[in-house]
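If you want the building blocks of each chain, they are given just below.
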Amino acid sequence: MSSSAPPEPNGPDERATAEDGPADDAAQPPRSRLRRTAVGVSVLVVLALVAGVTFTFVTVRKPLPEVTGTQTVPGLSGDVTVHRDDQGVPQVYASDAEDLFTAQGYLDAQDRFFQMDYRRHVTAGRLAELVGDVPEAIDADRTVRTFGWREVAEQEWDLVSPETRSYLQAYSQGVNAYLADRGPDDLGVEYTVLGTRVAVADPDPWDPVDSLAWLKAMAWDLRGNYDDELDRALAYSTLEDVDMVEELFPDFDQSGGEPILRKQDVARTASVRHDAVTQTAGAEVPYGTGLLDAAVASAEEALEAVPVLVGRGDGAGSNSWVVAGEHTASGSPILANDPHLSLEIPGVWSQVGLHCETVDDDCPFDVAGFSFAGFPGVVIGHNADLAWGLTNMGADVTDFFIERVRGDTWLRDAEGEEWATMTTRTETIRVNGGDPVELEVRSTDHGPVVSTVLDVDEVVDSPTEAGTGFGEYAVSLSWTALEPGRTADAIFAMATASDASDVQDAAALFDVPAQNIVFATTDGHIGYQAPGRVPVRHRVAGPVPSDGTWPRPGWDPRYAWQGYVDPADMPRALDPESGYVVAANQAVLPTGTEPYLSSDWDPGFRSGRISALLDAQIATGRPFTVEDMSTIQLDDWSPFAAELVPVLLDLDIDDAYDAAGQELLAGWDYSTDVDSAPAAYFSAVWRNLLSATFWDDLPASMAPSGGARWLVVVQDMLQRPDDPFWDDRSTVNVVETRDEVLTQALVTARRDLTVELSKDPDDWDWGSVHQLSLQHPVLGGSDVPALLRDFVNPRPVALPGGSSIVNATSWDASTGSFAVTTGPSMRMVVDLGDLDGSTWVAAGGVSGHPASSHYEDQLAAWADGETFRFPFSRAAVESSAADTATLTP
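Let me begin by describing the structure that accompanies this report.

Criteria and cut-off values
Residues numbered from 1 in each chain as written. Predicted model: local features only at pLDDT ≥ 70, side-chain atom pairs only at ≥ 80, totals over all residues. Heavy atoms only, no water. Helix = DSSP H or I, 4+ residues; strand = E, 2+ residues; numbered from the N terminus. Buried < 20%, exposed > 50% of the residue type's maximum accessible area, 1.4 Å probe, protein only. Contact = heavy atoms within 4.5 Å. Areas by Shrake-Rupley, 256 points an atom, 1.4 Å probe, with all protein chains shown as cover. Axes fitted to C-alpha atoms, helices over the stretch in contact; angles between N-to-C directions. Parallel < 35°, antiparallel > 145°, perpendicular 65-115°, else oblique. Left-handed = near helix turned anticlockwise from the far one by under 90°. Nonpolar A, V, L, I, M, F, W, Y, C, P; charged D, E, K, R; others polar. Disulfide = S-S within 2.5 Å. Pairing = 2+ DSSP bridges. Phe/Tyr/Trp six-rings, centres within 6.5 Å; stacked < 30°, edge-to-face > 60°. Lys NZ or Arg CZ within 6 Å of the ring centre and 35° of its normal. Arc of directions from axis to C-beta. Polar contact = N/O pair within 3.5 Å; in protein donor to acceptor, adjacent residues only side chain to side chain.

1. Quick look at the overall build of the protein chain
Next up, step 1: When its secondary structure is counted, the protein chain shows 24 helices and 31 strands.
Next up, step 2: Scored against the burial criterion, the 889 residues of the protein chain give a buried share of 65%.
Next up, step 3: For the protein chain, contacts bridging at least 24 residues in sequence account for 76% of all contacts bridging at least 6.
Next up, step 4: Surface exposure of the protein chain reaches about 29,700 Å², of which carbon and sulfur atoms provide 47%.

Here it is, written out as structure tokens:
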């Protein structure tokens, strides 16, 4: 093992100076509502922590790792070679599979240990142990402890295969080898800053279960219709009309989108179906009562406390597609993938190559792609035979149950006769520098109770039910990830897959999160596979659907899950007639096709645009190249503008000053590049249109974010000039109509941009307001002292694109800001005919150390739509190596 003295930085792995940050705090855009938890922790922690910090050049450089020479790593059985390219991406070569993952653990700890440590504190419900007495951290711990992520991960340890356990143990061994003779200050500058406020001890050794628990965070952020289900109940609290609520959640068919698989492309029509419709009406949930509304709101608030580690919100989707070799220049398939996730620094992905010196049954890995620091292997990428990409399938894997609770019992039957005892346990949340917090976790058969249970008498406007014996309301959560599974096995199975059969076998293990898998093989096949554990539900007659789109009555057993879809019945396709597969979060199957997966799909604007671009080029006969796929990933054409601008141009605005913005829209090609004035103006119109139309009708937590669903809602309303949503409830004795609201949005947008940008519309541009500000989860935030803020947080970058555009740099209209909240966390294009000709880029860099030159060195290229060479063969890896190190036993 190398000594604990701070190593001298080598070559490119250092930044000589801190780059300048934003000019002032005002330049920092507000954050999305869905990311406030992490940022709240960040701001409160840093304000308390950084006072008095001696922030020196030596301090920030101290954790920089050695990237050349020979380093001793106890536990290895032989030498391991590590080549790093100009971006610092490690390509690892070992003779033994366990050595491969020991080396990966060592390298992850070198580059990103604090990120790993932060993640495991979140997933174990121990964030307050790390950051101290911060209310947001304690709230996050409460929720995660209620879920019991760590306990589920511990159960998974006994389920996964012996091979997976050995890989996880080897990875942990590598992490701990790096930690062995290093103190916190040697591992990350974050510990130095935290140490000014709280006691910072040597980090606990890495445990294999720490890696398994990370999969729970991934599953949580990529769950299905969780938000929509709660929002339906909350919307009813103000609308009190089921039809009006459903108008806000349109079916996929209303958008006109095409599903991933057409009927002729499905390899096997699944036989699974809902159980027969129950003829008698199911138990009704009294939506709209103050008591129930408060319980649902309490559940939503509690669950939003979990920090976003992967991605959440309308923009957390992804694009992936694969084109058959008959349409490509190489004659082999080309696959593209760009997951749209939350963006922060360090980024969510770690790029890596993992290569066995001799690929055989004992050492089967020859794979490269994108990994998560804290988990061994490769999650998205390719091996010598197969490439795969992932997008969020959006299957409905969560259901909320409204429970009748009386003391520590809950009502189990619709007749009100069977009261069962809840399962309870007490959790102790340790707080660094504060008093411990006791938490009682209660669960019904459906899952943990996630709401604060409110007494009926405390809600003044609710019907009084005292004396009925039905007690109080609570909300419990059923979620597939709260049952132990074998997703860890699936990750290693995908890394060694070579054909469609292997992909199907791996998908059968991929319990959570439910992801679309697109794949291609070097021998010319392309395909699609749906994995995931998906619940089967009864169909029960009632005032609202029983398909999981609304919270369900927990006291009626007919609403309970009836098992899971058989993995053999999950949709799949091989070599479809179209010659391509596009999976961008739209519906998987045509409506009415079994198995039932969800009702809440992305409307399909991105998938439709990608398909249209593919069809157009196929029609010309010009074969696709890697560069063509990258161009499609950067497409910034707006479906919002294409749908709405013709309507907006038909409106009359009498005042010439107010009409100046509208004039920009005439002749616009609907592209949203950073220099576009029409894009800036149209986005302001869309923001103002949503607030004027819906803010008076819905709870504050449901303020429209402006994503694809809202475009379908507005499209439909345009056909009804007198739709009740057009009317502003706050204007007494006045009924507004469609054209009045649209005109108001045009006029206020012109005036807003006059203040935000310039009086002259010719000076407006989209990039001035649509910017990404990457922020560190603990040392980020505009209130951080300037020296630290400017060093840790990269300068904001202007971006093209927007919500539900192929280049999906999403923004949240409910905040009033155009700041980017989610986006392509990476871009990858793989040519199966020339693996070394493939490309990749990440939204940040490989290193988690702010002083490293690889902390943010891919950001500018990513923002500009550029990519880097993605070498795979040993010859290509060695020719691109900028640094080489040998890890030795």
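2. Digging into the packing of helix H6 (residues 149-157) against helix H9 (residues 208-221)
Next up, step 1: Contact pair H6 / H9: the axes reach a minimum separation of 8 Å and the direction vectors enclose 120 degrees. By the angle between their axes, H6 is oblique relative to H9. Of the two possible hands of crossing, H6 and H9 adopt the one that is right-handed. Contact residues: Trp149, Arg150, Val152, Ala153, Glu154, Glu156 and Trp157 in H6; Pro208, Val209, Asp210, Leu212, Ala213, Lys216, Ala217 and Trp220 in H9.
Next up, step 2: When grouped by side-chain class, the residues that make up the contact of H6 with H9 number 10 nonpolar, no polar and 5 charged.

3. As for the environment of Ser320
Next up, step 1: Structurally, the position occupied by Ser320 is in strand E4 (residues 318-323).
Next up, step 2: Other than its neighbours up to four places away in sequence, Ser320 contacts Ala336, Asn337, Thr391, Val518, Val581, Val582 and Ala583.

4. Quick look at the state of the cysteines
Next up, step 1: Enumeration according to the criterion identifies 1 disulfide in this entry.
Next up, step 2: Across a sulfur-sulfur distance of 2.0 Å, Cys356 and Cys363 are joined as a disulfide pair. Measuring handedness by torsion sign, the sulfur bridge of Cys356 and Cys363 sits at about -80 degrees and is left-handed. With respect to burial, Cys356 and Cys363 carry one shared label: buried.

5. As for the sheet that holds strand E14 (residues 437-444)
Next up, step 1: In space, the 3 strands of this open sheet follow the order E13-E14-E15, with antiparallel pairing throughout. Strands at the two margins of the open sheet, each flanked by one partner only, are strand E13 (423-429) and strand E15 (447-448).
Next up, step 2: This element, helix H5 (residues 135-147), spans E13, E14 and E15 of the sheet and lies at about 145 degrees to E13.

6. Quick word on the packing of aromatic side chains
Next up, step 1: Under the criterion given, the structure shown has 32 aromatic pairs.
Next up, step 2: Each ring, one from Trp214 and one from Phe372, has its centre 5.3 Å from the other, and the planes form 70 degrees; the classification is edge-to-face. With Trp214 in helix H9 and Phe372 in the loop between strand E7 (366-371) and strand E8 (380-383), this residue pair connects regions lying 158 residues apart in the sequence. The burial state of Trp214 is the same as that of Phe372; both residues are buried.
Next up, step 3: Ring-pair connections join several aromatic residues into one group, and the members of that group are Trp214, Trp349, Phe370, Phe372, Trp840 and Phe870.
Next up, step 4: Just above the ring of Tyr93 sits the side chain of Arg874; from NZ or CZ to the centre is 4.0 Å.

7. Remarks on the sheet that holds strand E18 (residues 526-529)
Next up, step 1: Taken in spatial order, the 11 strands of this open sheet run E1-E31-E2-E3-E6-E7-E8-E9-E17-E18-E22, and their pairing is mixed. Each edge of the open sheet is held by one strand with a lone partner, namely strand E1 (69-72) and strand E22 (572-574). Within the sheet, the average angular offset between the axes of one strand and its neighbour, ignoring direction, is 15 degrees.
Next up, step 2: Running at roughly 160 degrees to strand E6 (residues 350-356), helix H3 (residues 97-123) makes contact with E1, strand E2 (80-84), strand E3 (90-94), E6, E7 and strand E31 (883-888) of the sheet.
Next up, step 3: Packing of helix H13 (residues 487-495) onto the sheet brings it into contact with E7, E8, strand E9 (386-392) and strand E17 (515-521), and relative to E9 it is tilted by some 145 degrees.

8. Things to note about helix H14 (residues 500-509)
Next up, step 1: Of the positions making up H14, those classed as buried are Val503, Ala506, Ala507 and Leu509. An end-on view of H14 places all buried positions within 150 degrees of arc, on one side of the element.
Next up, step 2: In this structure, the buried residues of H14 make contact with E9, H13, E17 and E18.
Next up, step 3: You can read the cap of H14 off the contacts: a side-chain oxygen lies 3.2 Å from the backbone nitrogen of Ser501, and it is on Asp499.

9. Section: the packing of helix H19 (residues 677-694) against helix H20 (residues 708-718)
Next up, step 1: At a minimum axis distance of 12 Å, the contact between H19 and H20 shows a crossing angle of 70 degrees. One way to sum up the angle between H19 and H20 is to call them roughly perpendicular. For the crossing formed where H19 meets H20, the hand is left-handed. Residues Trp686, Leu689, Leu690, Thr693 and Phe694 of H19 pack against Trp710, Leu711, Val713, Val714 and Met717 of H20.
Next up, step 2: Grouping the amino acids of the contact of H19 with H20 by side-chain chemistry returns 9 nonpolar, 1 polar and no charged.

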